[in-house]
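As a plain string of letters, each chain reads:
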Amino acid sequence: SLWTLHPLTDMGDMGDPPKKKRLISLCVGCGNQIHDQYILRVSPDLEWHAACLKCAECNQYLDETCTCFVRDGKTYCKRDYIRLYGIKCAKCSIGFSKNDFVMRARAKVYHIECFRCVACSRQLIPGDEFALREDGLFCRADHDVVERASLGAGDPLSPLHPARPLQMAG
């Protein structure tokens, strides 16, 4: 997010001397008028008293020295925002670091180590074919076994996505 400190005086047009009247700014946090010399503005137009701008989870004060995230009207420090809303591995539910390589299967994202067949635990690598089902990832061989078993029992399992090559993204 973008941080800017703004004085509460109107600078006038094209370099005119500042006018004496103060602009009216209301704090998003407490709803009261901001009379401080400086206000904290979270892009694009949310204004706060410095004492009101805190992380909704850990209550850490948020200022121009740390990143502020806003979601559903609440403000968060970077750590809590990533913990609450960051992308997590579909297998282990742990988030990713910026240096992790990941495997993607449709809308799901996995750590490379977590990208394994749920039946045989074999790690799937780029070039392998796999099936993504509601009950997990399957290598081609185990997918074929599960499909034959479900057809023989006459009891269809979860919908099957077509097998396709893996893709690796950084």
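This is a predicted model, so every value here is computed, not measured.

## Side note on the overall build of the protein
Reasoning step 1: Scanning the protein from terminus to terminus reveals 2 helices and 11 strands.
Reasoning step 2: Scanning the protein from its N terminus toward the C terminus, one meets helices and strands in the order β-β-β-β-β-α-β-β-β-β-α-β-β.
Reasoning step 3: A total of 170 residues make up the protein; the buried ones form 28% of that total.
Reasoning step 4: Within the protein, counting contacts between residues at least 6 apart in sequence, those at least 24 apart form 34% of the total.
Reasoning step 5: For the protein, the computed accessible surface area is about 11100 Å², with 54% contributed by carbon and sulfur atoms.

## Structural notes on the layout of surface pockets
Reasoning step 1: Quantified by volume, the largest pocket comes out at close to 180 Å³.
Reasoning step 2: Lining the largest pocket are 12 residues, and of these Ile 87, Phe 96, Ser 97, Val 102 and Arg 104 sit closest to its centre.
Reasoning step 3: Classifying every residue of the lining of the largest pocket by side-chain character gives 5 nonpolar, 4 polar and 3 charged.

## Here's the deal with the pattern of salt bridges
Proximity of charged atoms lets side chains of opposite charge pair with each other.
Reasoning step 1: Summed over the entire model, instances satisfying the criterion amount to 9 salt bridges.
Reasoning step 2: Among the ionic pairs, Arg 83 bridges to Glu 57, the shortest N-O distance being 3.1 Å. Here Arg 83 is found in helix α1 (residues 78-85), whereas its partner Glu 57 is found in the loop between β3 (46-48) and β4 (68-71), with 26 residues between them in sequence.
Reasoning step 3: We classify Arg 83 as partly exposed; its relative accessible area is 45%.
Reasoning step 4: Under the relative-accessibility criterion, Glu 57 is labelled partly exposed at 42%.
Reasoning step 5: Residues Glu 147 and Arg 133 are paired through a salt bridge, measuring 3.2 Å at the closest nitrogen-oxygen approach. With Glu 147 in helix α2 (residues 140-153) and Arg 133 in strand β8 (residues 129-133), the pair connects residues that are 14 residues apart, well separated along the chain.

## Focus: the packing of aromatic side chains
Reasoning step 1: Enumeration according to the criterion identifies 6 aromatic pairs in this entry.
Reasoning step 2: Taken together, a centroid distance of 5.3 Å and an interplanar angle of 45° make the contact between Tyr 81 and Tyr 85 tilted. Residue Tyr 81 and its partner Tyr 85 are both found in helix α1; the two are separated by 4 residues, about one turn of the helix.
Reasoning step 3: An aromatic cluster is built from Phe 69, Tyr 76, Tyr 81 and Tyr 85, whose rings are joined through pairwise contacts.

## Overview of the side chain of Glu 47
Reasoning step 1: Within the element layout of this structure, Glu 47 appears in strand β3.
Reasoning step 2: Residue Glu 47 is classed as buried on the basis of its relative accessible area of 12%.
Reasoning step 3: Polar side-chain contacts of Glu 47 include one of 3.0 Å to the side chain of Ser 25.
Reasoning step 4: Here Glu 47 is in contact with Ser 25, Leu 26, Cys 27, Val 28, Ile 34, Ile 39, Leu 40 and Arg 41, once residues within four sequence places are set aside.

## Concerning the pairing of strand β9 (residues 136-139)
Reasoning step 1: Pairing geometry for β8 and β9, over 4 bridges, is antiparallel. Its bridge partner lying in β9, Phe 130 is registered against Cys 139.
Reasoning step 2: Here β8 folds back onto β9, and the loop between the two strands holds 2 residues.

Reading the values: the criteria
Just so you know, the residues in each chain are numbered from 1, in the order the chain's sequence is written. Under the rules for a predicted model, residues below a pLDDT of 70 receive no local features and side-chain atom pairs below 80 are neither given nor counted, while totals for whole chains, interfaces and linings still include all residues. To get the side-chain values, take all heavy atoms of the structure and skip hydrogens and water. The helix count covers DSSP runs of H or I at least four residues long, the strand count covers runs of E at least two residues long, and both are numbered beginning at the N terminus. Burial classes: relative accessible area under 20% of the type maximum marks a residue as buried, over 50% as exposed, and values in between as partly exposed (1.4 Å probe, protein chains only). Only heavy atoms enter the contact rule, under which two residues are in contact if any of them lie within 4.5 Å. Only the protein chains shown count as covering a residue, and every accessible area follows the Shrake-Rupley method with a 1.4 Å probe. A cavity, in this analysis, means grid points on a 1 Å lattice covering only the protein atoms where a 1.4 Å probe fits yet has no way out; a pocket is instead an open set bounded by protein on both sides within 12 Å along at least five of seven lines, and a residue lines either one if it has an atom within 4 Å of a point. Grid points are joined across faces, edges and corners, and a volume is the space filled by probe spheres set on the points. Under the grouping applied here, Gly and all other residues not named as nonpolar or charged are polar, the nonpolar ones being Ala, Val, Leu, Ile, Met, Phe, Trp, Tyr, Cys and Pro and the charged ones Asp, Glu, Lys and Arg. By definition here, a salt bridge exists when the distance from a side-chain nitrogen of Lys or Arg to a carboxyl oxygen of Asp or Glu is within 4 Å. A pair of aromatic rings is counted whenever rings of Phe, Tyr or Trp (Trp by its six-membered ring) have centres within 6.5 Å, and the orientation is called stacked for planes under 30 degrees apart, edge-to-face for over 60 and tilted otherwise. The term polar contact refers here to a pair of N or O atoms within 3.5 Å; inside protein, the definition further demands a hydrogen-donor-capable atom paired with an acceptor-capable atom, and it admits residues adjacent in sequence only when both atoms are side-chain atoms. When DSSP finds at least two bridges between two strands, those strands are taken to pair.

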